[in-house]
Amino acid sequence: MSKVYDTITFERDDGSTGKVKSLELEDDTGTIRVTLWNEDTEMEIKKGDILKIIGGNIEFDDYSGTNYRANTNWNSKLIVNPPIDQKMEEVLSEVGKYIKPVKITDLSNIEDDGEEVDIIGRVVNLYEPNEFQRDDGTTGLVRTAEIADETGMVRVSMWDSKAEYPMKEGDALKIENARSRLGEYQVDLSVGKTSRILKPTEDEISNLPSLQDVESMLYQTKKIEELAEGDRDVSIIGRILSTSEPNQFTKSDGSTGIVRSIEIADDTGVVRASLWDDQANAPLKEGEAIKIENPRVNLRNDHIEISVGRTTLITKAKEDETSIPTLDEIQDKIYPPKKIEDIEEGDQNIKVSGEVIDIRGNKILFEMCPNCNKRVNWVDDAYICDICGEEIEKPNMLMIIGLMMEDDTGTISMTFFRQSAEEVLGMTTPEAEEIIAATGDEGSLEEKVGDLVGRQITVIADASFDEYNEEIRLNAKKLVDVKL
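These notes cover the structure that comes with them. What you see is a predicted model; the values in this text were computed from it and never measured. (Residues numbered from 1 in each chain as written. Predicted model: local features only at pLDDT ≥ 70, side-chain atom pairs only at ≥ 80, totals over all residues. Heavy atoms only, no water.)

This part is about the nonpolar core. By size, the foremost hydrophobic cluster in this structure holds 31 residues, and its most contacted members are Val352, Ile401, Leu403, Met414, Phe416, Val459 and Leu474. For this core, the elements supplying multiple residues, two or more each, are strand E25 (350–360), strand E30 (396–407), strand E31 (410–417), helix H4 (418–425), helix H5 (429–439), strand E32 (456–466) and strand E33 (471–483). The contacts of isoleucine 401, once residues within four sequence positions are left out, are Ile364, Met414, Thr415, Phe416, Ala421, Val424, Leu425 and Val449. By size, the runner-up hydrophobic cluster in this structure holds 19 residues, among which are Ile104, Ile147, Leu173 and Ile197. (Core = buried A, V, L, I, M, F, W, Y, C linked by side-chain atoms within 4.5 Å. Buried < 20%, exposed > 50% of the residue type's maximum accessible area, 1.4 Å probe, protein only. Helix = DSSP H or I, 4+ residues; strand = E, 2+ residues; numbered from the N terminus. Contact = heavy atoms within 4.5 Å.)

Given below as structure tokens:
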């Protein structure tokens, strides 16, 4: 037995249900497709078994590859692993040497789409199933997993009923009749209707590494300060310092995307992570220790950032992986305090304390284009985006609060955006919108903003050079403390 395909259930014209299963038999002269029906499909049979068929019919089959198939029927006799003479045993034993799973690293030798292979490996990364609409209007289901053995890792797409197979990270699987899909840089596997997902035997996984060993082999664990532009197959472990709310945007093809920013830190530094689409809705909270495997590492504005998309996995760090400092310890180390006179252009994540001595402007909500996230203008009774060149029916609202802060060494301008602005004002953007809408006055919150004057505040901020005013200013990232 060189191939065993999964059973397919079908409905007959009279409304009854039938079953059909295909096999492939091989001897020293060639191969032939075998078709089993109904009760015969329930036979316990596996690759490498010897099958004896008595009473099969040889029929023309344009899809078999050999133009013929052996079709069984109600009076066919099927015997699994029958007694055979020594000569036949020697012949079939030689044939059976080639009926075995391939190593994952050998998939790179495949040159054609649709080639069928078997693999045995351990589930390293497992993603949630996704529904999709086919061209005929029916709903399909697909689930992606990354499976590895001691030689490498392959991305596997499981379709429809195969997407519902119960599995979890760390499980060992045997997949038969997976079809190759040639990508630009790698070979992926597709597991469809006739593929089989099985639990391997103890002998088959005797040399399979543990999940921890596989991850150590596949991913290079790095500290945040060690990340470099273009890094691939890296893993980082850290604590979440801050999170923002997911933001929707319109992609170039007109579809809607979601992005969310978080900051992750370990005892060596901080890195900003952009979470895209489904990853943006991951349940994450500040202080939580997480592991991120296989992110894209980019350089943006001279700072390393990571991008978390569909090929990246975010999980909670295990107890034996959380030997990183506590959130308070990390903050004390990575947020160095600075006096205003010592602040330099490009300073990141500095802790600054001082007294609010003035508020800059009375407008705190600004209309933004939902497509490009740039400011829109009110022109002829409509919001117009100069970048997109379109009329915007309902702009997004961005909260911005500017103030002047002073300590015993000098003064500096500081701006709070979005979540940090909500923290310093003590209300959300929608709440501020409601107040302005109720009063009809954009300056109606001026008094509440003005209450900040005279207060001592401590913030985490980045420093940049304001070319218009020719001065260094702070962009506040997090409000640490407010005192009278």
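Here 3 strands make up an open sheet; going across it, the order is E27-E28-E29 and the pairing antiparallel. Because the sheet does not close on itself, it has two edges, and the strands there are strand E27 (377–378) and strand E29 (390–392). Two strands pair when backbone bridges link them, and E27 and strand E28 (residues 383–385) are joined in this way by 2 bridges, in the antiparallel orientation. By the bridge assignment for E28, asparagine 377 is matched with isoleucine 384. (Pairing = 2+ DSSP bridges.)

Another point: the pattern of salt bridges. A complete count under the given rule lists 27 salt bridges for this structure. A salt bridge links glutamate 305 to arginine 300, with the nearest nitrogen and oxygen atoms 3.8 Å apart. Taking the relative accessible area as the measure of exposure, glutamate 305 reaches 13% and is therefore buried. What makes arginine 300 partly exposed here is its relative accessible area of 45%. Here arginine 473 ties to aspartate 466 by a salt bridge, and the two come within 3.6 Å at their closest N and O atoms. Look at aspartate 466 and you get buried, because its relative accessible area is 15%. Among the ionic contacts, a cluster of salt bridges with common partners joins Lys174, Glu176, Arg196 and Glu204. (Salt bridge = Lys/Arg side-chain N within 4 Å of Asp/Glu carboxyl O.)

With that out of the way, let us pick up unusual backbone geometry. At asparagine 38, a residue that is not glycine, the phi angle is positive and equals roughly 50 degrees. Tracing the backbone through its elements, the reader meets asparagine 38 in the loop between strand E4 (30–37) and strand E5 (51–54). Judged by relative accessible area, which is 27%, asparagine 38 ranks as partly exposed.

Glancing now at the side chain of threonine 312. Relative to the assigned elements, threonine 312 resides in the loop between strand E23 (303–308) and strand E24 (313–316). Only 2.9 Å separates the side chain of threonine 312 from the backbone oxygen of asparagine 294, close enough to count as a polar contact. If we ignore the near neighbours within four places in the chain, the residues touching threonine 312 are Tyr127, Gln279, Ile292, Glu293, Asn294, Pro295 and Ser307. (Polar contact = N/O pair within 3.5 Å; in protein donor to acceptor, adjacent residues only side chain to side chain.)

Together, Glu111, Asp112, Asp113 and Glu115 make up a region of like negative charge exposed at the surface. Looking at where glutamate 111 falls in the secondary structure, it is placed in the loop between helix H1 (86–96) and strand E9 (116–126). The exposed category is assigned to glutamate 111, whose relative accessible area is 66%. (Patch = residues over 30% accessible without salt bridge, like charges linked within 9 Å, V, L, I, M, F, W, Y side chains within 5 Å. Areas by Shrake-Rupley, 256 points an atom, 1.4 Å probe, with all protein chains shown as cover. Lys, Arg positive; Asp, Glu negative; His and termini not counted. Charge placed at Lys NZ, Arg CZ, Asp CG, Glu CD.)

Aromatic rings considered in pairs are described by the distance between their centres and by the relative angle of their planes. What the rule picks out here adds up to 4 aromatic pairs. Taking 6.2 Å as the distance between ring centres and 85 degrees as the angle between the ring planes, the aromatic pair formed by phenylalanine 10 and tryptophan 37 counts as edge-to-face. Of this pair, phenylalanine 10 sits in strand E2 (residues 8–11) while tryptophan 37 sits in strand E4, and the two are 27 residues apart along the sequence. For tryptophan 37, a relative accessible area of 30% translates into the label partly exposed. Where phenylalanine 132 meets tryptophan 159, the ring centres are 5.7 Å apart and the plane angle is 90 degrees; that geometry is what we call edge-to-face. In this pair, phenylalanine 132 sits in strand E10 (residues 130–133) while tryptophan 159 sits in strand E12 (residues 152–159), placing the two residues 27 residues apart along the sequence. Take tryptophan 159: its relative accessible area is 25%, and that puts it in the partly exposed class. A cation sits over an aromatic face here: arginine 155 above tyrosine 127, 5.5 Å from the ring centre. Over the ring of phenylalanine 366 we find lysine 363; its NZ or CZ atom is 5.2 Å from the centre of that ring. (Phe/Tyr/Trp six-rings, centres within 6.5 Å; stacked < 30°, edge-to-face > 60°. Lys NZ or Arg CZ within 6 Å of the ring centre and 35° of its normal.)

Now for empty space enclosed by the protein. In this structure the tally under the stated criterion is 1 cavity of 30 Å³ or more. Of the volumes computed, that of the largest cavity is approximately 30 Å³. The wall of the largest cavity is formed by Leu241, Ser242, Glu263, Tyr335, Asn349, Ile460, Lys477 and Lys478. Among the elements of the structure, strand E17 (234–243) and E33 are those that each provide at least two residues to the lining of the largest cavity. Classifying every residue of the lining of the largest cavity gives 3 nonpolar, 2 polar and 3 charged. (1 Å grid on protein atoms, 1.4 Å probe; cavity = no way out; pocket = protein on both sides within 12 Å on 5 of 7 lines; lining within 4 Å. Points joined across faces, edges and corners; volume = space filled by probe spheres on them. Nonpolar A, V, L, I, M, F, W, Y, C, P; charged D, E, K, R; others polar.)

The next thing to look at is the pairing of E32. Sheet faces and side chains relate simply in a regular strand, where the side chains alternate between the two faces. Within E32, 8 of the 11 residues are buried, leaving the element largely enclosed by the surrounding structure. With 11 bridges joining them, E32 and E33 adopt antiparallel strand pairing. When the bridges of E33 are listed, threonine 458 appears paired with aspartate 481. Where E32 folds back onto E33 in an antiparallel hairpin, the turn is made up of 4 residues, including glutamate 470, whose phi is positive at roughly 50 degrees.

Glancing now at the environment of isoleucine 53. Looking at the secondary structure, you find isoleucine 53 in strand E5. Sequence spacing of isoleucine 53 and isoleucine 334 is 281 residues, and the spatial spacing of their C-alpha atoms is 73 Å.

Tracing the backbone through its elements, the reader meets serine 420 in helix H4. Contacts of serine 420, omitting those with residues within four sequence positions, involve Ala476, Lys477 and Lys478.

Here H5 has its buried residues at Thr429, Ala432 and Ile436. Looking down the long axis of H5, one finds its buried residues gathered within 60 degrees of arc, a one-sided arrangement. Among the exposed residues of H5, those oriented more than 90 degrees off its buried face are Glu434, Ala437 and Ala438. On its buried face, H5 sits against strand E26 (365–368), E30 and H4. (Arc of directions from axis to C-beta.)

By themselves, these observations are geometric and do not establish any function.
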